[in-house]
Amino acid sequence: MVGFNILVLVCLGYVIMLFLVAFAADKRAREGRDRWLRAPVVYTLSLSIYCTAWTFYGAVGYAARSGLEFVTIYLGPTLVMVGWWWALRKLVRIGRAQRVTSIADLISSRYGKSNLLGVIVTLLAVVGTTPYIALQLQSVTLSFSVFAAGRPEGWALPDLNATALWVAVGLALFTILFGTRNLDANERHHGVVTAIAVEAVVKLVALLAVGVFVVWGVAGGPAEITRIIEESPIATWQMNPGRWASLTFLSAAAFLTLPRMFQVLVVENVEERQLGTAAWAFPLYLFLMSLFVVPIAVVGLKVMPAGSNPDLFVLTVPLSFDQEPLAMLSFLGGFSSATSMVIVAAIALSTMVSNHIVMPIWLSARKGGASVSGDVRHLVLLSRRLSIGGVLLLGYLYFRFSGGGAALAAIGLISFAGVAQVLPALLGGLFWRGAARNGAAAGLIAGFTIWAYSLFLPSFGEAGILSATTMANGPWGIGWLRPQALFGIEGMDPVVHAIFWSMLLNTGAFFLFSLASFPTPLERLQGAQFVNVFEHTRSARGWTRGGAEAEDLMVMAQRIMGGPQAQALFQSQAAAQGKEGYLPDVTPDFIERLERELSGSVGAATAHAMVGQIVGGASVSVEDLMAVADEAQQILEYSSRLETQSEELTRTARQLSEANEKLTQLSIQKDAFLSQISHELRTPMTSIRAFSEILMDGGPLGAQDQHKYSSIIQDEAIRLTRLLDDLLDLSVLENGQVILNPQNENLTVILDRAVAATSSIGAGPELEVLRDGGREDVWLYTDTDRLAQVFINLIANARKYCDAATPRLTISVTRRDNTLQIDFIDNGSGIPTESQGVIFEKFSRLSDQAKAGGAGLGLAICREIMDKLGGKVTYLPGQGGGAFRVAMPLSPLNSA
Amino acid sequence: MTPPREPLFLARQNYRRRRLADAARLVPVLGALLFMIPILATSGGGASTARGGMYVFLVWLALIGVAGFLSRRLVERSGAASPAPGDDNKGGEPVRENG
């Protein structure tokens with residue numbers, strides 16, 4: 001007999017293996033070797049979280065109680081999957097186009113990014129999923145107790161509650177580790193998905209092994225098993241037509257609306273091919289999972305003593321034949337089913353809770369709104385981690401206080417009926433443009449209420465919330481309000497009764513309120529985009545040009561997406577508009593794109609609210625609305641060629657006007673420079689002439705005066721020379737006559753040299769230089785003297801122009817791909833947006849001339865040098881001060 | 001709703017693909033019908049679980065086969081590269097790939 005310790009060891013070993021699998025998959029994905037992680041078979045296997053412990057243990061119990069009816073739970077999903085061309089394809093396409101993060105996000109996004117709907121769906125999902133998580137904990141602890149009970153002399157029965165608690169803690173840990181690794185909830189959780197795929201294989205193999213053992217090992221072949229079925233208590237098919245049809249419908253509905261199914265079906269989907277394979281492969285998986293359920297059930301009924309729990313036949317039948325390795329495998333199968341469901345459900349629910357409940361509360365609690373600085377990512381991740389813990393805690397509490405008495409199948413069905421209430425709003429939103437927010441809210445609330453009243457609350461038993469008299473006579477003796485005989489219709493099965501009334505009233509309210517309401521423009525835009533997702537591949541615009549500054553938007557985006565990602569996005573958008581640098585024009589298209597990127601992290605409603613705070617309210621113009629109307633749509637399609645042309649023209653015009661502006665500014669600057677340079681040349685000349693005349697006159701001068709005058713002449717001459725040197729240097733660089741002397745040198749040494757060289761410059765407050773030593777340890781093969789010249793210039797600039805009370809310069813080094821980025825960020829007031837375009841031009845100087853003490857050639861020289869070194873120096877906006885980025889390629893030879 | 005310049009006749013390949021999609025849409029309807037037949041068959045009472053089970057599982061397997069055949073053809077015809085433009089996609093820009 002297997003000892004408890006061995007059982008725990010096997011469990012631990014299995015969990016450690018899962019950790020390793022998840023870790024390895026995450027690592028592969030990070031290195032970009034994720035081809036097989038995207039394989040359709042992995043996607044198909046990840047869908048198997050539909051088969052929870054309810055399937056693994058409960059299906060056999062269900063079959064032992066009611067015969068073939070158990071199969072309805074798998075027929076529904078089969079129909080949905082083989083009908084992928086109807087709904088799933090559209091759902092997946094929308095999920096990707098709108099960067100949907102959860103089912104609550106989808107509903108909220110469809111109905112005008114309404115957070116009210118997000119909250120309703122989130123609450124519904126949490127209430128509906130909690131019993132289900134409790135069910136998984138219960139099945140794991142029950143299977144532990146089977147091994148305990150089978151040992152007569154053996155170890156003390158383990159404390160079930162403690163087991164459940166440890167299981168819950170372990171699952172929370174795993175989920176937090178691998179489920180909240182990246183902030184972008186729309187990104188794929190490679191580690192989790194791969195671990196789940198492995199678990200899917202384990203549970204399938206386990207159930208098939210038990211089935212094969214029962215059919216060929218115990219019964220002696222298919223013919224024999226048929227005979228045993230014919231002799232069993234479930235030999236005749238007790239068909240209940242109402243339950244047969246409505247359970248098939250219910251499982252199909254739940255398959256689409258369960259938060260965890262939505263997570264793996266839509267959020268974790270990468271490409272439509274995966275769906276094409278899963279369309280037949282997942283029904284095949286379900287088929288194999290159900291194939292041996294009836295044989296195991298009838299053999300269990302035959303060989304096990306009367307009164308033993310049929311929910312555990314999968315374990316107890318092999319044990320009663322002393323097949324311990326098989327029982328162990330089957331135990332692992334059940335363990336896999338339970339854990340994979342809990343992990344994905346916790347991820348899905350935590351995303352919903354954090355995006356639709358925590359973030360909106362945080363947003364409205366902050367006075368400053370979205371544009372204040374500080375990183376939000378930690379907050380989002382923290383709230384997701386806490387939600388995971390909270391969800392599992394709720395499941396554990398439900399397990400503790402419900403006592404875990406009810407049959408597995410009953411709890412599962414209650415949960416299904418709860419989440420299925422989302423179906424009308426979901427399908428209506430996918431296929432009917434007229435579906436409106438009020439309708440969705442009314443339908444959800446109506447369905448949820450009926451479900452809670454007629455199915456969920458009665459499930460706590462007569463001692464629970466609804467008393468026995470209420471159940472029998474209705475509240476306050478009102479007969480037609482009896483929870484299980486609403487409107488006086490008696491004799492229906494409770495589950496069928498609840499499904500019938502909740503779905504009827506839900507759909508009814510949904511249609512009625514949709515027909516009666518007049519949706520907001522944003523809602524109509526979203527509706528058109530969802531329903532016509534295959535035609536509107538380009539999104540209609542929800543924003544008109546607002547008063548937003550690109551820099552404000554960048555500050556906000558950096559807080560949510562992180563610095564490098566936000567900068568890359570802004571840069572690519574600017575490049576698409578034909579602009580250089582990091583700040584694109586704030587066009588409606590750009591705002592739309594930015595909002596969509598953000599909604600991948602924090603959900604559509606929150607992203608919309610945050611962008612709205614900066615842009616200044618949700619505004620949809622009349623033209624945008626026209627685009628929704630079909631007539632306008634046709635005209636748009638008709639003139640799409642014209643449109644692309646005009647777009648191109650706009651882009652060219654923008655480039656031209658930019659160039660023109662730059663030219664004008666340059667010409668003004670050049671004029672200014674000419675007078676400036678003549679002034680600069682003249683001043684030293686004048687004093688040189690004056691003092692040399694004094695010396696020439698040879699008057700009565702003391703040796704001291706003579707020395708003084710001649711040293712003035714020399715100083716002025718040096719100043720002249722320096723000015724001319726700079727000009728010469730620049731013209732050499734520009735003409736490409738420069739010869740580089742590349743050598744190997746460590747970046748730390750170059751930076752040390754640059755900082756030391758600038759430490760003596762200038763008066764005023766001391767500049768504090770912050771550096772990160774570890775990251776600077778990079779070997780470079782380049783012209784180090786020239787590079788140091790650039791660094792010296794940038795540090796000297798910070799020293800001269802940083803106007804903070806305690807000036808501070810941060811030098812940070814990052815490596816991205818094959819590029820080394822060295823950022824020089826000071827805490828002064830930075831460079832105004834309108835001047836950012838010209839600072840690298842020759843002769844440009846922003847502040848007053850006297851203070852600068854140069855001819856405005858420094859940055860121009862820097863740019864030329866970096867060009868020659870194959871790198872780039874750019875101004876980095878939105879860093880809370882003046883910031884320059886030196887980027888240079890790491891040559892492959894020296895990147896090691 | 002239908003745009004006026006929808007072509008009246010389609011090239012053979014497009015025509016076949018649309019009919020393939022029609023067939024794919026029909027599969028779940030057919031499956032639902034076949035799965036509901038036991039309601040009629042058992043209304044007389046006394047059907048056998050063994051034979052009923054055999055029927056359900058055979059229908060199931062047939063559905064998997066048909067769905068497999070159709071979805072492979074559909075994915076192939078929509079072009080190997082994802083995202084597959086839908087049959088009713090009138091040459092818009094392909095959807096941006098995320099992640």
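The rules behind these values
- Residues numbered from 1 in each chain as written.
- Chains lettered and ligands numbered in written order.
- Predicted model: local features only at pLDDT ≥ 70, side-chain atom pairs only at ≥ 80, totals over all residues.
- Heavy atoms only, no water.
- Helix = DSSP H or I, 4+ residues; strand = E, 2+ residues; numbered from the N terminus.
- Buried < 20%, exposed > 50% of the residue type's maximum accessible area, 1.4 Å probe, protein only.
- Contact = heavy atoms within 4.5 Å.
- Areas by Shrake-Rupley, 256 points an atom, 1.4 Å probe, with all protein chains shown as cover.
- Phe/Tyr/Trp six-rings, centres within 6.5 Å; stacked < 30°, edge-to-face > 60°.
- Core = buried A, V, L, I, M, F, W, Y, C linked by side-chain atoms within 4.5 Å.
- Axes fitted to C-alpha atoms, helices over the stretch in contact; angles between N-to-C directions.
- Parallel < 35°, antiparallel > 145°, perpendicular 65-115°, else oblique.
- Left-handed = near helix turned anticlockwise from the far one by under 90°.
- Nonpolar A, V, L, I, M, F, W, Y, C, P; charged D, E, K, R; others polar.
- Patch = residues over 30% accessible without salt bridge, like charges linked within 9 Å, V, L, I, M, F, W, Y side chains within 5 Å.
- Salt bridge = Lys/Arg side-chain N within 4 Å of Asp/Glu carboxyl O.
- Pairing = 2+ DSSP bridges.
- pLDDT = per-residue confidence, 0-100.
- Polar contact = N/O pair within 3.5 Å; in protein donor to acceptor, adjacent residues only side chain to side chain.
- Disulfide = S-S within 2.5 Å.

Enquirer: Hey, could you go over the overall build of chain A for me, with residue numbers and the actual values?
Expert: Across its full length, chain A carries 35 helices and seven strands. Residues classed as buried in chain A amount to 56% of the 896 residues present. When contacts within chain A are restricted to residue pairs at least 6 apart in sequence, long-range pairs at least 24 apart make up 80% of them. Only carbon and sulfur atoms are counted for the fraction: they give 61% of the accessible area of chain A, which is about 36,600 Å².

Enquirer: Summarise the overall build of chain B; cite the residues concerned and give the values.
Expert: Scanning chain B from N- to C-terminus turns up two helices and zero strands. Partitioning the contacts of chain B with sequence separation of at least 6, the portion at a separation of at least 24 is 71%. Accessible area for chain B stands at about 5,900 Å²; split by element, carbon and sulfur atoms hold 63% of it.

Enquirer: Can you break down the packing of aromatic side chains residue by residue, with the values?
Expert: All names here are of chain A. In the structure shown here, the tally under the stated rule is 27 aromatic pairs over all chains. Their ring planes at 80 degrees and their centres at 6.2 Å tell us that W432 and F510 sit as a pair that is edge-to-face. Of this pair, W432 sits in the loop between α19 (423-431) and α20 (437-456) while F510 sits in helix α22 (residues 494-516), and the two are 78 residues apart along the sequence. Taking the relative accessible area as the measure of exposure, W432 reaches 26% and is therefore partly exposed.

Enquirer: Give me the lowdown on the nonpolar core, citing residues and values where you can.
Expert: Ranked by internal contacts, the top residues of the largest apolar core, which has 191 residues, are Y50, F70, L88, L91, I107 and F416 of chain A together with W60 of chain B. Ranked by the residues each element gives to this core, the list is headed by helix α16 (residues 324-365) of chain A, at 17 residues. Excluding residues that lie within four positions of it along the chain, F70 of chain A makes contacts with A59, Y62, A63, S290, V293 and V294 of chain A. By size, the runner-up hydrophobic cluster in this structure holds 41 residues, among which are L730, V738, V778 and L794 of chain A.

Enquirer: Can you explain the packing of helix α1 (residues 12-41) of chain B against helix α2 (residues 49-77) of chain B? Please cite residues and give values.
Expert: Residue and element names in this part refer to chain B. For the pair α1 and α2, interaxial distance at closest approach is 10 Å and the crossing angle is 165 degrees. In terms of axis orientation, α1 runs roughly antiparallel to α2. Judged by the sense of rotation from one axis to the other, the crossing of α1 with α2 is left-handed. Residues of the contact of α1 with α2, tallied by class, amount to 17 nonpolar, two polar and four charged.

Enquirer: Go over a nonpolar patch on the surface with me, naming the residues and quoting the values.
Expert: Together, L9, L12, I16 and L20 of chain A make up a nonpolar patch on the protein surface, roughly 420 Å² of accessible area in all. When you line up the elements, L12 of chain A lands in helix α1 (residues 4-30).

Enquirer: A description of helix α15 (residues 313-320) of chain A should follow, citing residues and the corresponding values.
Expert: α15 of chain A sits mainly inside the fold: seven of its eight residues count as buried. Burial in α15 of chain A covers these residues: F313, V314, L315, T316, V317, P318 and L319 of chain A.

Enquirer: Quick rundown of the pattern of salt bridges? Include the residues and the values.
Expert: Residues and elements named next belong to chain A. Per the counting criterion, the structure on display carries 14 salt bridges over all chains. A salt bridge links R227 to E224; its shortest N-O distance comes to 2.9 Å. Taken together, the residues span about one helical turn, with R227 and E224 both in helix α10 (residues 222-231) at a distance of three residues. Across the pair D823 and R885 runs a salt bridge, and its minimum N-O distance is 2.8 Å. Here R885 lies in strand β7 (residues 883-889) and D823 lies in strand β5 (residues 819-826), a separation of 62 residues in the sequence. Taken together, the shared-partner salt bridges in this structure form one network comprising R93, R96 and E272.

Enquirer: Kindly report on the sheet that holds β7 of chain A, identifying the contributing residues and their values.
Expert: All names here are of chain A. Here we have five strands laid out as an open sheet, ordered β2-β4-β5-β7-β6, and mixed in their pairing. Each end of this open sheet is capped by a strand with a single partner; those strands are β2 (768-771) and β6 (872-875). The sheet shows a mean angle of 20 degrees between the axes of neighbouring strands, taken without regard to direction. Where β2 lies against strand β4 (residues 808-816), four bridges are found, and the strand directions are parallel. Looking at β4, one finds that L770 is bridged to T810.

Enquirer: I'd like a description of helix α35 (residues 858-868) of chain A, backed by residues and values.
Expert: The α-helix winds at 3.6 residues per turn, so residues separated by three or four positions along the chain end up facing the same way. Turning to α35 of chain A, its buried residues are L859, A860, I861, C862, E864, I865 and M866 of chain A. Following α35 of chain A by one or two positions, G870 of chain A has its phi on the positive side, about 80 degrees.

Enquirer: I'd like to hear about the confidence of the model for chain A, residue by residue, with values.
Expert: Residue and element names in this part refer to chain A. Of all residues in chain A, 85% attain a pLDDT of 70 or more, and the chain-wide mean is 80. Here residues 152-156 is a poorly scored stretch, pLDDT under 50, and it has five contacts once near neighbours within four places are set aside; other chains count. Within the model, pLDDT remains below 50 along residues 892-896, and this stretch shows six contacts once partners closer than five positions in the same chain are excluded.

Enquirer: Break down the side chain of E268 of chain A for me, citing the residues and quoting the values.
Expert: Tracing the chain through its elements places E268 of chain A in the loop between α12 (259-267) and α13 (272-291). Side chain to side chain, E268 of chain A and H189 of chain A meet in a polar contact 2.7 Å long.

Enquirer: Can you lay out the state of the cysteines for me, pointing to particular residues and giving the numbers?
Expert: Going through the model one piece at a time under the given rule, you end up with zero disulfides over all chains. For C802 of chain A, which is in no disulfide, the shortest distance to another cysteine sulfur is to C862 of chain A and amounts to 17 Å.

Enquirer: If you had to explain the confidence of the model for chain B to someone new, which residues and values would you point to?
Expert: Residues at a pLDDT of 70 or more form 65% of chain B, whose mean pLDDT is 72. When the criterion is pLDDT under 50, residues 80-99 of chain B qualifies, and its contacts beyond four places in sequence or with other chains add up to 46 contacts.

Enquirer: Give me the lowdown on the packing of helix α5 (residues 88-97) of chain A against α19 of chain A, citing residues and values where you can.
Expert: A packed helix pair is summarised by two numbers, namely the angle formed by the two axes and the spacing between the axes. Residue and element names in this part refer to chain A. The geometry of α5 relative to α19 is characterised by a closest axis approach of 11 Å and an angle of 80 degrees between their N-to-C directions. Viewed along their axes, α5 and α19 adopt a mutual orientation that is roughly perpendicular. Contacts from K90, L91 and I94 in α5 reach L426, L430 and F431 in α19.

Enquirer: Describe the environment of V790 of chain A, and please don't skip the residues or the numbers.
Expert: Residue and element names in this part refer to chain A. With respect to the helices, strands and loops of the structure, V790 is situated in helix α33 (residues 784-801). Note on V790: relative accessible area 0%, which makes it buried. V790 sits 74 residues away from E864 along the chain, and the two C-alpha atoms are 9.8 Å apart. Ignoring sequence-local partners within four residues, the contact set of V790 consists of C862, I865, M866 and V886.

Enquirer: Tell me what's going on with the environment of W237 of chain A, and back it up with residues and numbers.
Expert: On the secondary structure map, W237 of chain A appears in the loop between α10 and α11 (241-257). With 170 residues separating them along the chain, W237 of chain A and G67 of chain A place their C-alpha atoms 6.6 Å apart. Apart from residues lying up to four places away in sequence, W237 of chain A is in contact with L68 and W244 of chain A together with P38, T42, A47, S48, T49, G52 and V56 of chain B.

Enquirer: Pulling in residues and values, what's your account of unusual backbone geometry?
Expert: Peptide bonds are trans in most cases, and residues, glycine excluded, mostly fall at negative phi. Residue and element names in this part refer to chain A. Located in the positive-phi region is R99, a residue other than glycine, with phi close to 50 degrees. Turning to its location among the elements, R99 is positioned in the loop between α5 and α6 (103-110). R99 sits in the buried class, given a relative accessible area of 5%. In this structure, D322 is a non-glycine residue whose phi angle is positive, near 60 degrees. Within the secondary structure, D322 sits in the loop between α15 and α16.

Enquirer: Give me the lowdown on the side chain of T194 of chain A, citing residues and values where you can.
Expert: All names here are of chain A. Tracing the backbone through its elements, the reader meets T194 in helix α9 (residues 190-219). Residue T194 is classed as buried on the basis of its relative accessible area of 8%. A polar contact of 2.6 Å, which involves the side chain of T194, links it to the backbone oxygen of H190. In this structure, T194 is in contact with V21, A25, W36 and L37, ignoring residues within four places of it in sequence.

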